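# Report on the structure
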Amino acid sequence: MRSTRKLKRKRGRRLKKWFKIFLGILAAIIAIILIIVFGFKLQTVETSLDLGQFTNQEVRDYIGKKNIDNTFVFWFKNKIGKSEKLEMFEDYSVKLTSPTSVKITGYEKKLKGYILDNKKYYYFDENGIILKESSKKIEINPTEKNKKSKKIPEVKGLQYSGLKLYKKIETKNKKGLQYILDVTSKVQEYSFTTKKIVLNEKNEITFKVKKVKVQLGKNLNLAELEKEYDAIFLAIGANISIEMGVEGEKLEGVYGGNQLLEKGKHPEYNHKKVAII
């Protein structure tokens, strides 16, 4: 009987001990959660951006719209590869600088064009999403590839029903909008400089590159073009190289113009004599 009572008391003490340990661990977990929830409220955002299209405040406002308000959670998700999707950036990293502040190093999505409405500039990306609203025009900062700052073209002629920040341009003319997005992306891709891209009611697009007027989607025959222009250049291309008919033209290491282009990469030229005819 006595041994049974001693055993029960011993078990009771062990249970109390483990219960106290459990309560201590639970209290520590709750304390950590409370610290994370209430001690890491996002207040300040610093940025280091490659193109300089967005200000610290614009990034901060955008993050607020995405309901990102906890610095620790924002930083931790970024570290484990579960970053929040931020339409402003192609890619970004987050550094926790204090419990209430973070620094974002980002590679910005290039703004493709803008619409001027009621003295405000609405800048959109390749998907037609408005990412910036400004009272003045901006330019893209120079990069290693392009040493000069780039002007972003104005888009005119598109009929729209709404321009809302972080939303796609609201328009019934989906086809016309897609044409504009395609053209603005290509203009930027090939580093063309143009101030204005105009869409008409037939979804035909007109813009100028230097002194050359470019018209897309417009069907004209040669006779009509001859009436309107002093000179016409037909860039129809060539699908085969023109042979010169000279001795040695078929030897190994001799390439026609088209063959050279089709190779994708030039042959190895180092320490060799090369003749271009």
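First, a word on scope: everything that follows refers to the structure included in this document. (Residues numbered from 1 in each chain as written. Predicted model: local features only at pLDDT ≥ 70, side-chain atom pairs only at ≥ 80, totals over all residues. Heavy atoms only, no water.)

## With respect to helix 4 (residues 174–189)
Think of an α-helix as turning once every 3.6 residues; residues three or four places apart then point the same way. Quick reminder of the rule: For the purposes of this entry, the term helix denotes a DSSP run of H or I that reaches at least four residues, the term strand denotes a run of E that reaches at least two, and both are numbered from the N terminus. In this analysis, the expected span of each helix is defined as 1.5 Å times one less than the number of residues it contains. Any two residues whose heavy atoms approach within 4.5 Å at even a single point are treated as in contact.
Here helix 4 contains 16 residues, and its C-alpha end-to-end distance of 22 Å stays within 8% of the 22 Å for a straight helix at 1.5 Å per residue. Those residues of helix 4 that are buried lie in contact with strand 5 (120–124), strand 7 (139–140), strand 9 (154–156), strand 10 (196–199), strand 11 (205–209) and strand 12 (212–216). Once helix 4 ends, the next one or two residues include Ser191, with phi positive near 55 degrees.

## Observations concerning the pattern of salt bridges
Inclusion rule: Should a side-chain nitrogen of Lys or Arg be within 4 Å of a carboxyl oxygen of Asp or Glu, the pair is scored as a salt bridge. Note on classification: 1.4 Å probe, protein chains only; a residue is buried when its accessible area is under 20% of the maximum for its type, exposed when over 50%, partly exposed between these limits.
Considering all chains together, one arrives at eight salt bridges under this definition. Across the salt bridge formed by Glu84 and Lys77, the nearest N and O atoms sit 3.0 Å from each other. The partly exposed category is assigned to Glu84, whose relative accessible area is 28%. With a relative accessible area of 30%, Lys77 lands in the partly exposed category. Here Lys164 ties to Glu170 by a salt bridge, and the two come within 3.7 Å at their closest N and O atoms.

## Observations concerning the nonpolar core
Worth spelling out the cut-off: By nonpolar core is meant a set of buried Ala, Val, Leu, Ile, Met, Phe, Trp, Tyr and Cys residues that side-chain atoms within 4.5 Å join together.
Counting 27 residues, the largest nonpolar core has Val59, Ile63, Phe74, Phe89 and Ile104 as its most contacted members. Mapped by element, the contributors of at least two residues to this core are strand 1 (44–49), helix 2 (56–65), strand 2 (89–98), strand 3 (101–108) and strand 5. Residues within four places of Phe74 in sequence aside, it is in contact with Ile63, Ile68, Glu84, Leu86, Tyr92, Val94, Val102 and Ile104. Of all hydrophobic cores here, the second largest spans 18 residues; its members include Ile130, Val187, Ile205 and Phe207.

## A look at the sheet that holds strand 1
Basically, it comes down to this: Criterion used throughout: strands pair if DSSP finds at least two bridges between them. All axes here are fitted lines through C-alpha atoms, helices being fitted over the stretch that makes contact, and every angle between N-to-C directions spans 0 to 180 degrees.
If you walk across this open sheet you meet the three strands as 1-3-2, and the pairing is mixed. The sheet terminates laterally at strand 1 and strand 2, the two strands that pair on one side only. Looking at each pair of strands side by side, their axes are set apart by 25 degrees on average, direction ignored. Pairing between strand 1 and strand 3: six bridges, direction parallel. Paired with Leu49 across the strands is Gly106, a residue of strand 3.

## Notes on the packing of aromatic side chains
This is how it is decided: Here the aromatic set is Phe, Tyr and Trp, taking the six-membered ring for Trp, and pairing holds for ring centres within 6.5 Å; pairs whose planes are under 30 degrees apart are stacked, those over 60 apart are edge-to-face, and all others are tilted.
Inspection of every chain in the model, using the stated rule, returns 10 aromatic pairs. Each ring, one from Tyr114 and one from Tyr121, has its centre 5.3 Å from the other, and the planes form 65 degrees; the classification is edge-to-face. Put simply, the rings of Phe40, Phe72, Trp75 and Phe76 touch in pairs and so form one group of aromatic residues.

## What about the pairing of strand 4 (residues 113–117)?
Judged from the five bridges that link them, strand 4 and strand 5 form a sheet pairing that is antiparallel. Bridge pairing in strand 5 links Gly113 to Phe124. Between strand 4 and strand 5, which follow one another and run antiparallel, lie two residues, and Asn118 among them has a positive phi close to 55 degrees.

## Digging into unusual backbone geometry
Excluding glycine, residues mostly have negative phi values, and the peptide bonds linking residues are mostly trans. In this model, Tyr166 sits at a positive phi of 70 degrees, which is unusual for a non-glycine residue. Here Tyr166 shows up in the loop between strand 9 and helix 4. Residue Lys210 is not a glycine yet carries a positive backbone phi of 60 degrees. Residue position: Lys210 is located in the loop between strand 11 and strand 12. With relative accessibility at 79%, the residue Lys210 sits in the exposed group.

## Let's talk about the side chain of Thr184
To keep things clear, this is the line we draw: Between N or O atoms, a polar contact is any pair within 3.5 Å; within protein, one atom must be a potential hydrogen donor and the other a potential acceptor, and residues adjacent in sequence are included only when both atoms are from side chains.
Along the chain, the position of Thr184 falls in helix 4. A polar contact of 2.8 Å, which involves the side chain of Thr184, links it to the backbone oxygen of Ile180. For Thr184, the side chain forms a polar contact with the main-chain oxygen of Leu181, separated by 3.1 Å. Every residue in contact with Thr184, bar those within four places of it in the chain, is listed here: Lys112, Phe124, Val155 and Ile197.

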